[in-house]
Amino acid sequence: MSKLSLWLLASMLLALTTNVHAQSQTSSPLLLPSPGVQALLIKMSQDASHINYRGTFTYQNQTRIALQSFKIDHWIDNGQEHDRLMFLNGPEREILREGQPVDCNAMGHKLLQGSFAKIGKSLINLNDLYQFEIRGQERVAGRLARVLLVIPKDSYRYGYFLSIDEETGLVLKSWLIDENAHPLERYQFVSIELNPDVRQMERTIASSHQHKVLANVTPCNPAEFSKPDSWQVAWVPPGFEFAGQRKLSNGQDMLMYTDGLTTFSIFLEPVTGVVPEGVGQSGATLAYMSRLIYKNSTYRVSVVGEIPVAAATKIAQNISGL
Amino acid sequence: MSEQTLPQSLAESISALMDNQASELELQRILKVSEQDPDIKATWARYQMVSAVLRGEQTSQSTIVLPDFAARVSAAIAAEEQSVVVKPQQGWWHQLGRVALVASVAGGMIISVQQYNNTAPRGAEMASNNTVISAPIAPVLPSGINGPAINTRTVALQTGYETRPQENRRVMFQPRQTVTTNATAATAVSEEEVTRYVNQMIQAHSDNAALNSGQGVLPYARVIISDEE
């Protein structure tokens, strides 16, 4: 069966299972103006970070069949985003991210918004990488959402079914779909409360097991494309751009890439002795692990992301020192 | 090979298979090893016997039924593979199908044995010491009904319910093909290390995904926070 027909089948199944109202775009243009795909992506990328909300969502992936639930608080204070993600299943844990300026658009957002294409700096725009199709409306978490089908045009990335809140731009439902139209992971909001009491959210007592993650790991509002400082990544799939680099506390060099919707990261560290080489899979995330010998030193090289193994392999094979 | 020398990873895999949580790779590995090593078969049989005792069933039947279990699963999988052309990484309904298949072949033998989820050596010790009878009788629950453990410290001792802190963080690892004949030992050593390494990278990668994939902090749901930090 061709890839296209698989996708058609998948979208038909989705239409059956998710109550997508398959109304034609022209049936009621006055009542429901159909925003263009670009407008929808901009809304998704920009608006959602500017609002305060508290919600619960479920998450499931291909290797951990058990459904997991999360509670999320998102609020703006002093022009900065605050996110608290609470794990509602298993051991009590939470992830806290603070300090992301609301006007900070990382490389992924810039690509999603088509910023570089608009000013002629990019030869590739998102439409060359994915085929976008708005497939009507559905109701998720009690809210009206626009269903966006995102089909990759090459085999180096996966596809998406996104349900984007019409009012806020929040992604209320997200499926990551592989080349055989199988879902790799699914997120879905169950409930959303807009403009909750921010003071109360701030006062929430931190979990005994709170894990703080860094905001701003990639630069804000990049105006140019750039390259890693000390590594040469000779090949990445079309449309992926370098988003930034970090030195992790364990000594790893981390290089970050995005095409706007899909991300992968490269990890490099000098190593002695045997390193396991092969492919690791946890949920939708793949880790391709290999070795690089450069100037008589051995490095452990891993490519990690929600990308097919063919892409990760080829990326890893094209990395060298500078 | 006695239980004491059974590689930890293999013991974990068998334990995982006992409660229907084994990946396909693990299943294949257990089947392969058990063909070559009668002691693995014996270990499996012992686990099943313990399981049966815990469920209040007759042990004699369990031990008779089990030796050909592996052969039946092998045959069933081989039969299925002929009819369904699939790649190693499949959708979850394939996985579910496999689990259902294995469960039906086993004729209900694989019902989660809460005592042995992450404590294969303890289980083995209990079996060999014949102290099983004094163990608390675990209620029979459908496999997979239990969520992740409430606490990473085991609560199985008190309740008999499933505690499987390792399950969530497990990484399916497919090593690059090597010519090493005794690859099992090498893999056994590295599996836990691979899991830790990959989970650490996924956590760092989520920082990237949360900023650059347009879906806010949802990618952090993929992160496994372990108590080691």
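The structure under discussion appears in the preceding block.
Residues numbered from 1 in each chain as written. Chains lettered and ligands numbered in written order. Predicted model: local features only at pLDDT ≥ 70, side-chain atom pairs only at ≥ 80, totals over all residues. Heavy atoms only, no water.

## Let's talk about the overall build of chain A
Turning to step 1, where the next piece is worked out: In terms of regular secondary structure, chain A is built from 7 helices and 18 strands.
Turning to step 2, where the next piece is worked out: Counting across all 322 residues of chain A, residues that qualify as buried make up 57%.
Turning to step 3, where the next piece is worked out: Long-range contacts, defined as pairs at least 24 residues apart, comprise 56% of the intrachain contacts of chain A with a sequence gap of at least 6.
Turning to step 4, where the next piece is worked out: Looking at chain A as shown, the accessible area adds up to about 13700 Å², and 53% of this sits on carbon and sulfur atoms. (Helix = DSSP H or I, 4+ residues; strand = E, 2+ residues; numbered from the N terminus. Buried < 20%, exposed > 50% of the residue type's maximum accessible area, 1.4 Å probe, protein only. Contact = heavy atoms within 4.5 Å. Areas by Shrake-Rupley, 256 points an atom, 1.4 Å probe, with all protein chains shown as cover.)

## Topic: the nonpolar core
Turning to step 1, where the next piece is worked out: Counting 25 residues, the largest nonpolar core has Phe57 and Ile95 of chain A together with Tyr220 of chain B as its most contacted members.
Turning to step 2, where the next piece is worked out: Counting residues per element, the ones that place at least two in this core are β1 (53-61), β2 (68-77), β3 (80-87) and β9 (183-194) of chain A.
Turning to step 3, where the next piece is worked out: Not counting chain neighbours up to four residues away, the residues in contact with phenylalanine 57 of chain A comprise Gln68, Ser69, Phe70, Ile72, Leu85, Tyr187, Gln188, Phe189 and Val190 of chain A together with Leu218 and Ala221 of chain B.
Turning to step 4, where the next piece is worked out: Among the nonpolar cores identified, the runner-up in size contains 24 residues, and Trp235, Leu255, Ala311 and Ala316 of chain A belong to it. (Core = buried A, V, L, I, M, F, W, Y, C linked by side-chain atoms within 4.5 Å.)

## Quick word on the sheet that holds strand β16 (residues 285-294) of chain A
Turning to step 1, where the next piece is worked out: On the basis of which strands lie adjacent, the open sheet formed by 7 strands has the order β12(A)-β13(A)-β14(A)-β17(A)-β16(A)-β15(A)-β1(B) and antiparallel pairing. Of all strands in the sheet, those bounded by a partner on one side alone are β12 (241-247) of chain A together with β1 (172-175) of chain B. The average angle at which neighbouring strand axes cross in this sheet is 20°, direction not considered.
Turning to step 2, where the next piece is worked out: Two strands pair when backbone bridges link them, and strand β15 (residues 278-282) of chain A and β16 of chain A are joined in this way by 5 bridges, in the antiparallel orientation. (Pairing = 2+ DSSP bridges. Axes fitted to C-alpha atoms, helices over the stretch in contact; angles between N-to-C directions.)

## A look at the pattern of salt bridges
Turning to step 1, where the next piece is worked out: Taken as a whole, this structure holds 21 salt bridges over all chains when the rule is applied.
Turning to step 2, where the next piece is worked out: Measuring nitrogen to oxygen at the nearest pair gives 2.6 Å for the salt bridge that ties arginine 143 of chain A to glutamate 167 of chain A. On the criterion of sequence distance, the pair formed by arginine 143 of chain A in strand β6 (residues 143-152) and glutamate 167 of chain A in the loop between β7 (159-165) and β8 (171-177) is long-range, its members being 24 residues apart.
Turning to step 3, where the next piece is worked out: Given a relative accessible area of 16%, arginine 143 of chain A falls into the buried group.
Turning to step 4, where the next piece is worked out: Judged by relative accessible area, which is 54%, glutamate 167 of chain A ranks as exposed.
Turning to step 5, where the next piece is worked out: Among the ionic pairs, glutamate 193 of chain B bridges to arginine 300 of chain A, the shortest N-O distance being 3.6 Å. Linking glutamate 193 of chain B in helix α10 (residues 183-212) with arginine 300 of chain A in strand β17 (residues 297-305), this pair reaches from one chain into another.
Turning to step 6, where the next piece is worked out: Each of the salt bridges in this network shares a partner with another, and the network as a whole consists of Arg54, Asp73, Arg84 and Glu94 of chain A. (Salt bridge = Lys/Arg side-chain N within 4 Å of Asp/Glu carboxyl O.)

## Side note on the sheet that holds β1 of chain A
Residues and elements named next belong to chain A.
Turning to step 1, where the next piece is worked out: One open sheet accounts for 10 strands, arranged β5-β6-β7-β8-β9-β1-β2-β3-β4-β10; its pairing is mixed. The open sheet terminates on both sides in strands that have one partner only, identified here as β5 (130-140) and β10 (210-213). Pairs of neighbouring strands in the sheet enclose a mean axial angle of 20°, with direction left out of account.
Turning to step 2, where the next piece is worked out: Relative to β10, strand β4 (residues 93-101) is paired through 4 bridges, and the arrangement is parallel. Within the sheet, the bridge partner assigned to leucine 96 lies in β10 and is lysine 212.

## Focus on the packing of aromatic side chains
Turning to step 1, where the next piece is worked out: In this structure the tally under the stated criterion is 14 aromatic pairs over all chains.
Turning to step 2, where the next piece is worked out: Of the aromatic side chains, those joined through ring pairs into one cluster are Phe57, Tyr59, Phe70, Phe87, Tyr187 and Phe189 of chain A. (Phe/Tyr/Trp six-rings, centres within 6.5 Å; stacked < 30°, edge-to-face > 60°.)

## Notes on the side chain of lysine 110 of chain A
All names here are of chain A.
Turning to step 1, where the next piece is worked out: Along the polypeptide, lysine 110 turns up in helix α3 (residues 107-112).
Turning to step 2, where the next piece is worked out: No salt bridge is formed by the buried lysine 110, whose closest oppositely charged neighbour, aspartate 103, lies at an N-O distance of 10 Å.
Turning to step 3, where the next piece is worked out: Filtering out sequence-adjacent residues up to four positions away, lysine 110 remains in contact with Asn105, Ser115, Phe116, Asn221 and Pro222. (Lys, Arg positive; Asp, Glu negative; His and termini not counted.)

## Some details on the interface of chain A and chain B
Turning to step 1, where the next piece is worked out: Facing 81 residues of chain A, the contacting portion of chain B comprises 54 residues.
Turning to step 2, where the next piece is worked out: Of the roughly 5400 Å² buried where chain A meets chain B, counting both sides, 59% is carbon and sulfur surface.
Turning to step 3, where the next piece is worked out: Seen at the junction of chain A and chain B, the total is 5 salt bridges.
Turning to step 4, where the next piece is worked out: Across the contact surface, chain A and chain B share 22 residue pairs in polar contact (both at pLDDT 80 or more).
Turning to step 5, where the next piece is worked out: Along the lines of polarity and charge, the residues of the side of chain A that touches chain B split into 37 nonpolar, 30 polar and 14 charged.
Turning to step 6, where the next piece is worked out: Pairing geometry for β15 of chain A and β1 of chain B, over 4 bridges, is antiparallel. Counted as the bridge partner of glutamine 281 of chain A is methionine 172 of chain B from β1 of chain B. (Buried area = accessible area lost by both parts, 1.4 Å probe. Polar contact = N/O pair within 3.5 Å; in protein donor to acceptor, adjacent residues only side chain to side chain. Nonpolar A, V, L, I, M, F, W, Y, C, P; charged D, E, K, R; others polar.)

## Concerning the packing of helix α1 (residues 8-18) of chain B against helix α2 (residues 24-36) of chain B
Each pair of packed helices can be described by the angle between their axes along with the distance between the axes.
Residue and element names in this part refer to chain B.
Turning to step 1, where the next piece is worked out: Relative to each other, α1 and α2 sit at 110°, their axes nearing to 10 Å. The angle between the axes of α1 and α2 places the two elements in the roughly perpendicular class. Between α1 and α2 lies a crossing whose hand is left-handed. Here Ser9, Leu10, Ser13, Ile14, Ala16 and Leu17 of α1 lie close against α2, whose contacting residues are Glu26, Leu27, Arg29, Ile30 and Val33.
Turning to step 2, where the next piece is worked out: Of the residues contributing to the contact of α1 with α2, the split by class is 7 nonpolar, 2 polar and 2 charged. (Parallel < 35°, antiparallel > 145°, perpendicular 65-115°, else oblique. Left-handed = near helix turned anticlockwise from the far one by under 90°.)

## Quick notes on the state of the cysteines
Residues and elements named next belong to chain A.
Turning to step 1, where the next piece is worked out: The tally for this structure, following the rule as stated, stands at 1 disulfide over all chains.
Turning to step 2, where the next piece is worked out: What pairs with cysteine 104 in a disulfide is cysteine 220, and their sulfur atoms sit 2.0 Å apart. Taking the sign of the S-S torsion, -100° for the link of cysteine 104 and cysteine 220, the bridge is left-handed. Residue cysteine 104 is found in the loop between β4 and α3, and its partner cysteine 220 is found in the loop between β10 and β11 (231-233); the two are separated by 116 residues along the sequence. (Disulfide = S-S within 2.5 Å.)

## Examining unusual backbone geometry
Excluding glycine, a negative phi dihedral is what most residues carry, and trans is how most peptide bonds are arranged.
Turning to step 1, where the next piece is worked out: One non-glycine residue, asparagine 78 of chain A, lies in positive phi territory at about 55°.
Turning to step 2, where the next piece is worked out: Looking at the secondary structure, you find asparagine 78 of chain A in the loop between β2 and β3.

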